[in-house]
Amino acid sequence: MKGEGGGGKGEGRFGMGPAANETDVAMMRRALELARGAAAMGEIPVGAVVYETATGAVLGEGANLRHTRKDPAAHAELIAIRAAAARVGDWRLNHCTLVVTLEPCAMCAGLIVNARLGRVVFGCADPKAGACGSLYRLTEDARLNHRVEPIAGVLGEESAELLRGFFRERRRAGGGE
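This section reports on the structure supplied with the text. Values in this document were obtained by computation on a predicted structure and should not be read as measured data. (Residues numbered from 1 in each chain as written. Predicted model: local features only at pLDDT ≥ 70, side-chain atom pairs only at ≥ 80, totals over all residues. Heavy atoms only, no water.)

## Structural notes on the overall build of the chain
The line we're drawing: Here a strand is any run of E in DSSP of at least two residues, a helix any run of H or I of at least four, and the numbering for each starts at the N terminus. The buried label applies to any residue whose accessible area, calculated with a 1.4 Å probe on protein chains only, is under 20% of its type's maximum; exposed applies above 50%, and partly exposed to all values in between. All accessible-area figures derive from a Shrake-Rupley calculation using a 1.4 Å probe, and residue coverage is judged against the displayed protein chains alone.
Scanning the chain from N- to C-terminus turns up 5 helices and 5 strands. Buried residues in the chain amount to 48% of all 177 residues. Per element, the accessible surface of the chain, about 8,400 Å² overall, is 53% carbon and sulfur.

This is the structure we're talking about:
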């Protein structure tokens, strides 16, 4: 299961923390599908799924839509969390897990705390903007009213390769980000 990212938080700055489970891996596979769909639309390939931790029921999904919507806040996590909150009929999602292909940024980490998500699982680290261990540990900050320790590295290499391939192709085509 280690190659699947099921062994916990992986290496580096993330250390050892809680372990991913089979549902997390299955949901990460779905998030990767959503990310591929975003890439096909010219969006940065990031996908996210919110599911009910106890049952595995999917409550919300999202993919990056910043360019499509011309909205700087249209991150995959935000779209998935909003959909889940609407479906549940409550802004408190403490009974839910967010699975996302890329480490959340500061905006999304703040939303994770404010939505009171119970668990956060991500694929690859984001050394330029990651707020769940790479640059900041916003979701674990003891000064905030809610904390959740992220589970990093679930299908991390597959998530990272999807992003690398997207940007490699974009550079080849003369585009930028």
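Picking up after the structure, the text goes on.
## Some points on the environment of Ala106
Going by this rule: Contacts: residue pairs with any heavy atoms within 4.5 Å of one another.
Structurally, Ala106 can be placed in helix α4 (residues 106-114). Under the relative-accessibility criterion, Ala106 is labelled partly exposed at 40%. Taking the C-alpha atoms as reference points, Ala106 and Gly130, separated by 24 residues in sequence, lie 7.0 Å from one another. Contacts of Ala106, omitting those with residues within four sequence positions, involve Ala129, Ala131 and Leu138.

## Details of the packing of aromatic side chains
Put simply, the test is: Pairs were defined over the aromatic rings of Phe, Tyr and Trp, the Trp ring being its six-membered one, requiring ring centres within 6.5 Å. Orientation was assigned from the angle between planes: stacked under 30 degrees, edge-to-face over 60, tilted for the rest.
Enumeration over the complete set of coordinates arrives at 1 aromatic pair. Taken together, a centroid distance of 5.2 Å and an interplanar angle of 80 degrees make the contact between Phe166 and Phe167 edge-to-face.

## Points about the sheet that holds strand β1 (residues 47-52)
What counts here: Here the rule is simple: two strands pair whenever DSSP picks up at least two bridges between them. Lines fitted to C-alpha atoms define the axes here, with helix axes fitted over just the stretch in contact, and angles between the N-to-C directions of these axes take values from 0 to 180 degrees.
In space, the 5 strands of this open sheet follow the order β2-β1-β3-β4-β5, with mixed pairing throughout. The outermost strands of the open sheet, each flanked by one partner alone, are β2 (58-63) and β5 (151-152). The pairing of β1 with β2 spans 5 bridges and is antiparallel. Along β2, the bridge assignment pairs Val49 with Glu61. Seen against the sheet, helix α1 (residues 22-40) touches β1, β2, β3 (96-102) and β4 (119-124) and runs at an angle of roughly 145 degrees to β1. Contacting β3 and β4, helix α5 (residues 156-172) runs over the sheet at an angle of about 55 degrees to β4.

## A look at the environment of Ala109
Relative to the helices and strands, Ala109 resides in helix α4. For Ala109, a relative accessible area of 0% gives the class buried. Taking the C-alpha atoms as reference, Ala109 lies 6.2 Å from Ala131; in sequence the two are 22 residues apart. Contacts of Ala109, omitting those with residues within four sequence positions, involve Pro104, Ala131, Cys132, Leu138 and Thr139.

## A few points about the environment of Cys96
Tracing the backbone through its elements, the reader meets Cys96 in strand β3. Taking the C-alpha atoms as reference points, Cys96 and Ala84, 12 residues apart in sequence, are found 8.9 Å from one another. Discounting residues that sit within four places of it in the chain, Cys96 has contacts with Val50, Tyr51, Glu52, Thr53, Leu59, Leu117, Gly118 and Arg119.

## Quick notes on the state of the cysteines
Just so we agree on the cut-off: Cysteine sulfurs are considered disulfide-paired once they come within 2.5 Å of each other.
Tallied over the entire structure, the rule returns 0 disulfides. Sulfur of Cys132: no disulfide; nearest cysteine sulfur belongs to Cys105 and is 8.9 Å away.

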